[in-house]
Amino acid sequence: MSASVTVAITLEVEPEEAFRLFTEEVDQWWQRGPKFRFRPKLNGTMRFEPGEGGRLVEIYDEAKGELYEAGRILVWEPGRRLVFEWRGPNYREGQVTEVDIRFKANDTGTRILLEHRGWETLPPDHPARHGLDSRAFLTMQGGWWEEQLVALKALA
Amino acid sequence: MSEKTGSAAAQVVPALFYDDPNAALDWLEQAFGFETCLRVTGDDGVIQHAEMEYGNGRIMLGGTGWSDFPTSPKSLDGKNTQCIHVQVKDVMAHYERAKAVGATIAAEPEDQFYGDRIYRVFDPEGHFWTFGQTMRVLSNADMEKASPGLKVEGKG
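Residues numbered from 1 in each chain as written. Chains lettered and ligands numbered in written order. Predicted model: local features only at pLDDT ≥ 70, side-chain atom pairs only at ≥ 80, totals over all residues. Heavy atoms only, no water.

Turning our eyes to something else, we now look at the overall build of chain A. Of regular secondary structure, chain A possesses three helices and seven strands. Its helices and strands in sequence order give chain A the pattern β-α-α-β-β-β-β-β-β-α, from N to C terminus. Structurally, chain A occupies a C-alpha span of about 45 × 40 × 25 Å along its principal axes. For chain A, the proportion of its 156 residues judged to be buried stands at 51%. Restricting to contacts in chain A with at least 6 residues of sequence separation, those with at least 24 account for 48%. (Helix = DSSP H or I, 4+ residues; strand = E, 2+ residues; numbered from the N terminus. Buried < 20%, exposed > 50% of the residue type's maximum accessible area, 1.4 Å probe, protein only. Contact = heavy atoms within 4.5 Å.)

Let's shift gears to the side chain of Arg37 of chain A. Residues and elements named next belong to chain A. One can find Arg37 in the loop between helix H2 (26-29) and strand E2 (45-48). According to the relative accessible area criterion, Arg37 is buried, its value standing at 7%. One polar contact links the side chain of Arg37 to the main-chain carbonyl oxygen of Trp30, over a distance of 2.7 Å. Those residues in contact with Arg37, other than ones at most four positions away along the chain, are Asp27, Trp30, Gln31, Arg32, Gly44, Thr45, Met46 and Glu58. (Polar contact = N/O pair within 3.5 Å; in protein donor to acceptor, adjacent residues only side chain to side chain.)

Residues and elements named next belong to chain B. Across the sheet, four strands lie side by side as E5-E8-E7-E6; this open sheet has mixed pairing. The sheet is open, and its two edges are formed by strand E5 (84-87) and strand E6 (104-111), each paired on a single side. Strand-to-strand twist of the sheet, defined as the mean angle between neighbouring strand axes without regard to direction, takes the value 15°. (Pairing = 2+ DSSP bridges. Axes fitted to C-alpha atoms, helices over the stretch in contact; angles between N-to-C directions.)

Bringing the nonpolar core into the picture now. Formed by 44 residues in total, the largest nonpolar core has its most connected members in Phe22, Trp30, Leu82, Phe84 and Trp145 of chain A. Element by element, the count of residues in this core is highest for helix H3 (residues 134-155) of chain A, at seven residues. Not counting chain neighbours up to four residues away, the residues in contact with Trp145 of chain A comprise Val7, Trp29, Trp30, Phe84, Trp86, Val99, Leu114 and His116 of chain A. Counting residues in each nonpolar core, the second largest holds 25 residues, with Leu25, Phe32, Ile47 and Phe131 of chain B among its members. (Core = buried A, V, L, I, M, F, W, Y, C linked by side-chain atoms within 4.5 Å.)

Another point: the layout of surface pockets. In this structure, the largest pocket occupies an estimated 1500 Å³ of space. Asn106 and Arg111 of chain A together with Gly33, Glu35 and Glu53 of chain B are, among the 44 residues lining the largest pocket, the residues nearest its centre. Contributions of two or more residues to the lining of the largest pocket are made by strand E1 (4-11), strand E6 (97-106) and strand E7 (109-117) of chain A together with helix H2 (21-32), strand E2 (35-41), strand E3 (47-54), strand E4 (57-62) and helix H3 (91-100) of chain B. Residue assignment places the lining of the largest pocket across two domains, with domain 1 (1-67) and domain 2 (82-147) of chain B each supplying three or more. The space that makes up the second largest pocket amounts to roughly 420 Å³. (1 Å grid on protein atoms, 1.4 Å probe; cavity = no way out; pocket = protein on both sides within 12 Å on 5 of 7 lines; lining within 4 Å. Points joined across faces, edges and corners; volume = space filled by probe spheres on them. Domains from an automatic or database assignment.)

What follows covers H3 of chain A. All names here are of chain A. With 22 residues, H3 ought to run about 32 Å at 1.5 Å a step, and its terminal C-alpha atoms sit 32 Å apart, in line with that. Listed as buried for H3 are Phe137, Leu138, Gln141, Gly142, Trp144, Trp145, Glu146, Gln148, Leu149, Ala151 and Leu152. Sitting at the head of H3, Asp133 places a side-chain oxygen 3.2 Å from the backbone nitrogen of Arg135. (Expected span 1.5 Å × (residues − 1).)

Below, the discussion takes up the sheet that holds strand E4 (residues 66-77) of chain A. Read across the open sheet, the 11 strands follow the order E2(A)-E3(A)-E4(A)-E5(A)-E6(A)-E7(A)-E1(A)-E2(B)-E3(B)-E4(B)-E1(B); overall the sheet is mixed. Sheet topology places E2 of chain A together with strand E1 (15-17) of chain B at the edges, where each strand pairs with a single neighbour. For this sheet the average axis-to-axis angle between neighbouring strands, irrespective of direction, equals 20°. Sheet analysis places E6 of chain A next to E7 of chain A, joined by nine bridges and oriented antiparallel. Residue pairing in the sheet places Asn106 of chain A in a bridge with Gly109 of chain A of E7 of chain A. In the packing of helix H1 (residues 15-24) of chain A onto the sheet, contacts are made with E1, E2, E4, strand E5 (81-86), E6 and E7 of chain A, and the angle to E6 of chain A comes to roughly 150°. Against the sheet, H2 of chain B engages E2, E3 and E4 of chain B, with an angle of about 10° to E3 of chain B.

Printed below as a string of structure tokens:
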């Protein structure tokens, strides 16, 4: 079993378009500043490298290859599902979480169900937890994604 | 979610206690058509907190036993101290859906003197729900006529 948090939002577009916005337009909706960016001072650009085996990266200088790699893309099914690994800058070996996003057509557009799991790989005193207990930490993490998804919805 | 803090957000949000919140969440999706918008799951795989939406309404659900007062109707011989009522677009379709998933129907859909068609139902842990649809818009005078002895005041 795995500690996880799930949040959801409905976008008034088709699933293919919701998937495209989520991936291609990631730098547009991924909020800026220290709360959201991996190395906020470097003013990087977020990008999903398309396809399984691609990466989620924050690019600082493309020519010099300067970037932060959050993780590999594990599932890339446009219009249906996206799964990628997620490591924060302060994660150690073996500490890895996973983000699993499902895109599902509904009456008004596309329901995006985002699950962020694998938090049990971070020990209770890990700095990413900000000293919070499991429930408070996961709820905070859910709120973090909610803010992101609201920004994504604004693009649709 | 966006709807959580926006002006259209539900301001009254009932919270329900379940011995098995994981099963309850799945069941409320399948039988009643609620959509999960937040799910917080602990290391043991048990849901600690979840929120679900129906139209512009929202409920929360969680476990029992985390303090003296939260308990399931299952542990109270099925007694309830309150009931959640949901207004739906097509009450007959809702009734058929709930019944098909095995919901315990407490009262078949029936037209009420105030113009709504209502059915009553228990979920698997014995929480009492009612679902209704307005079939006829009646004046207070019409309602009083339909149910002698009652005085109807205010705007329903």
